[in-house]
Amino acid sequence: MARPQERRSIAVNRKARHLYHLLDELECGIQLRGTEVKSLRAGHCSLQEAYGRLRRGELYLVGATIPVYSHGNVHNHEPARERKLLAHRRELAKWEQAVKEKGTTIVPLEIYFQKSLVKVTLALARGKKLFDKREDQKARDAKRDIDRELTRRR
C-alpha cells in the first residue's frame, strides 16, 4: 500500500488568486543554501513581493524573502537574493513564449516541503482588471448566501 506524499506548506501567496487569472501551473525545485533550508524548516518565508523571471533559459525566483537563520553564524545567507528554480527545459521554453506576451507574468503560489525537498508552485498569470475582481467578489458572495440558506433549511 502506497503512502501518501508528505507535503508540508511553508508559505502561500494568498493574493495571487485575487490579483491574477492563473493560466498554467508548474511545480519546480529550488536551489537553496544550508541556512535557508533551516530557516524554512522553522516556517519563515514570504512570497508577497515575489515573482519569477526567465533569464538565458533559466528560471529564477526574485523577491522572495527567507529571513536569516537565528542560530546561524558568519556564513548565513542573504535574505532577499535571487534563487534559481529547477524545471524541465521544454516547460521553460513553453513559458518563455507565453511571458513574451504583454501582461503575462510568473507568480509563485506556494512554497512547501515534499518529503525532504523544498518545492515551489508557480503560475503563469495575467493581471485581473478591477471589474473582474468585482465579479469574483459577487460570485463568492452569492455562493456564500446560497450555502447559508441551504444550511438554514436543514
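Scope of this entry: the structure provided in the associated data block. (Residues numbered from 1 in each chain as written. Predicted model: local features only at pLDDT ≥ 70, side-chain atom pairs only at ≥ 80, totals over all residues. Heavy atoms only, no water.)

**Thoughts on unusual backbone geometry**
Leave glycine aside and you will find that most residues have negative phi; peptide bonds, for their part, are mostly trans. Despite not being glycine, R56 has its phi angle at roughly 50 degrees, a positive value. Taking relative accessible area as the criterion, R56 reaches 71% and is therefore assigned exposed. One non-glycine residue, K115, lies in positive phi territory at about 60 degrees. With respect to the helices and strands, the residue K115 is situated in the loop between β6 (104–114) and β7 (117–127). By relative accessible area, which is 56% here, K115 ends up exposed. (Buried < 20%, exposed > 50% of the residue type's maximum accessible area, 1.4 Å probe, protein only. Helix = DSSP H or I, 4+ residues; strand = E, 2+ residues; numbered from the N terminus.)

**Digging into the pairing of strand β2 (residues 20–30)**
Of the pairings in the sheet, the one linking β2 to β7 comprises nine bridges and is antiparallel in character. Residue C28 lies in a different strand from β7, and its bridge partner there is V120. Pairing analysis gives two bridges linking β2 to strand β5 (residues 83–86), with the strands arranged antiparallel. Across the sheet, G29 pairs through a bridge with L86, a residue of β5. (Pairing = 2+ DSSP bridges.)

**Describing the packing of aromatic side chains**
Per the stated rule, a full pass over the model turns up zero aromatic pairs. Across the ring face of Y112, the terminal group of R7 is positioned such that the distance to the ring centre comes to 3.8 Å. For the cation-ring pair, R55 lies above Y60, with the distance from its terminal atom to the ring centre recorded as 4.7 Å. (Phe/Tyr/Trp six-rings, centres within 6.5 Å; stacked < 30°, edge-to-face > 60°. Lys NZ or Arg CZ within 6 Å of the ring centre and 35° of its normal.)

**Side note on the environment of S39**
With respect to the helices, strands and loops of the structure, S39 is situated in helix α2 (residues 34–41). Among the residues examined, S39 registers a relative accessible area of 1% and is labelled buried. Remark: the alpha-carbon pair of S39 and A142, spanning 103 residues in sequence, is separated by 41 Å. Excluding residues that lie within four positions of it along the chain, S39 makes contacts with H44, I66, P67, V68, Y69 and H77. (Contact = heavy atoms within 4.5 Å.)

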